[in-house]
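Secondary and tertiary structure notes
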Amino acid sequence: MQGNGLKIFLTVFFLALSAYYLYPSAQNYIIQRNLDELEGQELQQYREENIQKIRNVGERALSLGLDLQGGMHVTLEVRTDALIRELAVDTDDTFEEVMQVAQARADAQDISIIEAFISEFEQRDPEARLSRYFRNTDAGITRRSSNAEVAQYLQEQADNAIDRAISIIRDRVDRYGVTEPSIQKQGARRVVVELPGIDEPDRVRNLLKGTARLEFHLMTEPTDLQRSLQQIIEYFEQTDAVDDAPASDTTANDNAPAEGDEGESEPIATADGADTAGAEEMLDMADTSDTADAAFDPTSLIDQPDVEEPTNELLAVMQPLGEGVVFGIVSEQDTARVNRLIQREEVLQMLPNNVRLLYTASPVGQTESGLEMYYLLGVREEVEMTGEVITDARVDFDELNQAEVTMVMNSDGARTWARLTGANVNKNIAIVLDGYVYSYPTVINRIVGGRSSITGLDSRTEAQDIVTVLMSGALPAPVDIVEERTVGPSLGEASIRAGFISVTVGLLLVALFMIWFYRTAGLVADMALLFNIIFIFGILAAFNATLTLPGIAGIVLTIGMAVDANVLIFERIREEQATGKTLKAAIDAGYAKAFSAIFDANITTFFVGAILYSFGVGPIQGFAVTLMAGILSSLFTAIVVSRIVFDWMVNERRMSVSYG
Amino acid sequence: MRLFENANFQFISNRRTAYIISAVLIILSLGSLMTRGLELGIDFQGGMEFVVESSSQLGAVAVRGALASALGQEPEVKSFGENQILVRTSVEGEISDVQQRILDGIASAFPGSNPTTVKTDIVGPRFAKDLMQGAIYSIFGSLLVIFVYILIRFEWRFGVGAITAIFHDVLITLGVFSILQGLLPFSLQIDQTIIAAFLTIVGYSLNDTVVVFDRIREYSNLFKTETYDSLVNRSINNTLSRTIVTSGTTLLVVAVLFIFGGEVLRGFAFALILGIGIGTYSSVFVASPVVVELRERAAAGRRF
């Protein structure tokens, strides 16, 4: 056999290589089957005996994409605009204006917001210094720093922020407990997180996004708040309803103002549900909300205007309370609407100085129709203490077996806490996490010892998640979810089944066709096709590629296109035979002449695959990989493998091969 | 089995007919694209898509109405698989929040349906812009690479012929997508998988075209006395068997994908079926005639 020694060697070599790379996947399959079938004691035993093996094999086996095994793929982006706000000190109106313009420009022109901010700032006043807003003694940025230095500082902070965010997120994911998570930086501002097997996407979203800003605030003076409440109600009484809702207004309240009953006819059905919001027995603090509710009397509400008169926008969606630190009560579907109303310039002016309105994290009751209601509280803007002083956080249970989070502070924190509680006896201190007030207990005594707790939680999982987020640290800046793809496990299984059926049926049909059309040669081509499939999987395993559903589609496509190379050769051989050549000579000529066509045709598809791989993400890359792998292996099997077989058949066995 | 063994169809001499057919198809496609346009998927437009499974099959129209108040605007609803529907909305807000509203809306409008989410796809507006950019780069990148490659391996006239065939294929396939939008039970929205399908069609169409070109090149070296017309015609005829068989097998497997591959791949498989069919047509009736035209004009001394 002329020159076939090399060809045989290569074939066997690649076969062996494929087998080697695919072996862990086979092992993995068997292990998974065992894990599914065994139970209880046996399962435990099996696990323990094979723990090392399971882990090794798991890592080296062919990994399935999330669209096949189920799970969550999330791309997070650090909000650089929020970061800039965080870093800024002494902001003023000019700062806000520049920020707004910068944000608009950054979106429109696709430049970084830092660039946009700096250029807009310098445009307004070339003499002005950025150090007016940005100072950081640790980083060496003082009042005297040049704009270029500040620009560099901002850039470094932004770059650092994403790296810190990645390690924090990694920590949170570890604590949550996911098998084989993948967390990768993408570009300069994004993180891609892949979590296989997740079945609680809501929880995970909160876990990833939660900034974990724990803050302790003092609260507003009740008399100040009441006065503001009156003023604000009157303001809305006098102004007409303005449709400032965006097109995607979430509430169904467009008909609410007309009825005007929204506030009145939905009294709180379960007013005592509210005491979960404040219970603080552990810490010498009194339960506040009981007092608030005891005073609440639906009939004391301000009369609703008649339908014909101009309506009060605010009262339509909020029950005013003005008791203690509670501004009003809002049902869950009206919160966005109320936010828009209270964030108007005129309203903000009427609030007491340096006071913000924040919602409680847990509902204080339910309306008759089962909607949950939340308090809107007056909270002082100044942050008295942050979560940085927390050294330990734990899930605990109070006497009512409700979950709560106990926090321990370091010595600085303990000192500050003692001072704070000591100076504010009989007043409320709000514990705010990510902008929601979890509890606002009344201080009974000065607290030494640096302990505090967050109560009013819904469940143990909520407490656990808060602990996770507190212990992993606060994110340096808020992150947004800019892309998410989640697939449930059942859908993943269905996709695997569909893919498997497609490959099998496709293979069968093509194989039968080849035999029918090309006879014996077709049989050889089918054999080459089988090798082809093995090699494709081998390549995938060798490069640790992930198999996705489009990837399986790529394999199916390859089955159809792989025969092409064979077809080109066979057709050519037929033609050569027609000119009178002997079988052997025809085979030689066929292979030689068809080669250039095969090469040119397939290489272009290969290029397309390469481009798809570099510009695509996720499942598309899976498709590109199988396409490229398929082309390479089909070239090899058609030209090398089938040639070996034909040569053997014709030369050694003197068979008369039919080409159809 | 022999097919077209001694074919001798007059492809080149009858190329005017092919031009007319192609022209009609292209005009129809352009017309549809300009009036009805193409539906972009959330990959390129941004938005949220949820596949909701319920205990029984829910009607798309009924669900659309039921969710209009929950979301504040009517979402797009399509049936997806067995007992599954796809809800697509461009409402802004927290993902978990929107998802809950959809599930609550369905649960209250269809008691006992127990809706759960089995798949979510969410793309933010800036990310969609990035994906769109990536897709455009892929397309132009591929076209460039292909043109350069053909230039290197064959002469420039072949390059023009190949590119013409590719544009012809993609335009008509897009046109069919545009015309059939909303009429078929599966999604014809343009998203990343469809772009991948189109690029595959490009690669595949090229396969075909290159095989014919290779034969033309071989024959023009062998048969120097033959007229170019008859030479090209012969090339096409001799490669006809192979062209039909390869298209046949590829169409076969893509049809299998279409039937068995599941809902997610249906639009993808459909695009491939269209593209392969049209691509085969164009290799025979568009690419080679263009080459002939260019050669003739050169021979006639005109400026091409």
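Residues numbered from 1 in each chain as written. Chains lettered and ligands numbered in written order. Predicted model: local features only at pLDDT ≥ 70, side-chain atom pairs only at ≥ 80, totals over all residues.

1. Digging into the overall build of chain B
Helix and strand counts for chain B come out as 9 helices and 4 strands. Counting from the amino terminus, helix and strand elements in chain B follow one another as α-α-β-α-β-β-α-β-α-α-α-α-α. Dimensions of chain B, computed from the C-alpha atoms along their principal axes, are close to 80 × 45 × 30 Å. Taken over 304 residues, chain B has a buried fraction of 51%. Considering only residue pairs separated by 6 or more positions, chain B has 77% of its internal contacts joining residues 24 or more positions apart. (Helix = DSSP H or I, 4+ residues; strand = E, 2+ residues; numbered from the N terminus. Buried ≥ 20, exposed ≤ 12 C-beta atoms within 10 Å, placed from the backbone. Contact = placed C-beta atoms within 7 Å.)

2. Describing the packing of helix 19 (residues 549–578) of chain A against helix 8 (residues 228–260) of chain B
In contact at an axis separation of 9 Å, helix 19 of chain A and helix 8 of chain B are set at 165 degrees when each is read in the N-to-C sense. One finds that helix 19 of chain A runs roughly antiparallel with respect to helix 8 of chain B. At the point where helix 19 of chain A passes helix 8 of chain B, the crossing takes the right-handed sense. Where helix 19 of chain A approaches helix 8 of chain B, its residues A553(A), V556(A), L557(A), I559(A), G560(A), M561(A), V563(A), D564(A), V567(A), L568(A) and E571(A) are matched on the opposing element by S241(B), R242(B), V245(B), T246(B), T249(B), T250(B), L252(B), V253(B), V254(B), V256(B) and L257(B). Here the residues of the contact of helix 19 of chain A with helix 8 of chain B are counted per class, giving 14 nonpolar, 5 polar and 3 charged. (Axes fitted to C-alpha atoms, helices over the stretch in contact; angles between N-to-C directions. Parallel < 35°, antiparallel > 145°, perpendicular 65-115°, else oblique. Left-handed = near helix turned anticlockwise from the far one by under 90°. Nonpolar A, V, L, I, M, F, W, Y, C, P; charged D, E, K, R; others polar.)

3. So, the domain arrangement of chain B
Segmenting chain B into domains produces domain 1 (15–41 + 128–299) and domain 2 (47–122). Distance between the C-alpha centres of domain 1 of chain B and domain 2 of chain B: 38 Å. (Domains from an automatic or database assignment.)

4. Thoughts on unusual backbone geometry
All names here are of chain A. Even without a glycine there, the phi angle at N401 is positive, about 60 degrees. Here N401 lies in the loop between strand 13 (390–397) and strand 14 (403–409). A count of 7 C-beta atoms within 10 Å places N401 in the exposed class.

5. Digging into the nonpolar core
Soluble globular proteins tend to pack their nonpolar side chains together in the buried interior. Grouped together as the largest cluster of nonpolar side chains are 160 residues, with contacts concentrated most on L540(A), A553(A), V556(A), L612(A), I102(B), F198(B) and L257(B). Looking at which element gives the most residues to this core, the answer is helix 18 (residues 489–542) of chain A, with 20 residues. Ignoring sequence-local partners within four residues, the contact set of L540(A) consists of L62(A), A545(A), L547(A), V625(A) and A629(A). Core analysis: the next-biggest nonpolar cluster, separate from the first, contains 101 residues, L76(A), F117(A), L321(A) and I342(A) among them. (Core = buried A, V, L, I, M, F, W, Y, C linked by C-beta atoms within 7 Å.)

6. Observations concerning the interface of chain B and chain A
Contact residues are listed per partner, giving 58 residues for chain B and 60 residues for chain A. If you list the elements that add at least two residues to the side of chain B that touches chain A, you get helix 4 (95–109), strand 4 (116–123), helix 5 (125–153), helix 7 (192–222) and helix 8 of chain B. The leading source of residues in the side of chain B that touches chain A is helix 7 of chain B, at 13 residues. Tallied by class, residues from the side of chain B that touches chain A come to 28 nonpolar, 22 polar and 8 charged. The pairing of strand 19 (residues 479–487) of chain A with strand 4 of chain B spans 5 bridges and is classified as antiparallel. Of the residues in strand 4 of chain B, the one forming a bridge with V487(A) is K119(B). (Pairing = 2+ DSSP bridges.)

7. Describing the sheet that holds strand 14 of chain A
Residue and element names in this part refer to chain A. The 3 strands are arranged 13-14-18 in an open sheet whose pairing can be described as antiparallel. Pairing within the sheet leaves two strands with one partner each, and these edge strands are strand 13 and strand 18 (451–454). Each adjacent strand pair in this sheet contributes to an overall mean axis angle of 25 degrees, direction not counted. Sheet analysis places strand 14 next to strand 18, joined by 4 bridges and oriented antiparallel. By the bridge assignment, V408 is partnered in strand 18 with R451. Its contacts with the sheet put helix 17 (residues 460–472) on strand 13, strand 14 and strand 18, and the angle it makes with strand 13 is roughly 170 degrees.

8. A word on the sheet that holds strand 3 (residues 182–186) of chain A
With antiparallel pairing, 8 strands are arranged side by side in an open sheet as 3(A)-4(A)-2(A)-19(A)-4(B)-1(B)-3(B)-2(B). What marks the edges here is a single partner per strand, and that holds for strand 3 of chain A together with strand 2 (76–79) of chain B. Taking each pair of neighbouring strands and ignoring which way they run, the sheet shows an average axis angle of 20 degrees.

9. With respect to helix 18 of chain A
Residues and elements named next belong to chain A. Look at helix 18: only 26 Å from first C-alpha to last across 54 residues, short of the 80 Å you get at 1.5 Å a residue. Taking the largest bend as the criterion, helix 18 deviates by roughly 145 degrees, centred on Y518. Taken from the residues just after helix 18, N544 is the one with a positive phi, measuring 55 degrees. (Expected span 1.5 Å × (residues − 1). Bend = angle between axes of the 7 residues up to and from the residue.)

10. Quick word on the pairing of strand 1 (residues 47–53) of chain B
Residue and element names in this part refer to chain B. In terms of burial, strand 1 is a largely internal element, 7 of the 7 residues being buried. Alternating positions in strand 1 separate into two faces, G47, E49, V51 and E53 on one and M48, F50 and V52 on the other, with burial throughout. In this sheet, strand 4 lies alongside strand 1 in antiparallel orientation, the contact comprising 7 bridges. For E49, the partnering residue across the bridge sits in strand 4 and is D121.

11. Observations concerning the domain arrangement of chain A
We note that the domain assignment places domain 1 (4–18 + 488–652), domain 2 (75–209) and domain 3 (214–456) within chain A. Each of domain 1 of chain A and domain 2 of chain A has a C-alpha centre, and these two points are 49 Å apart.

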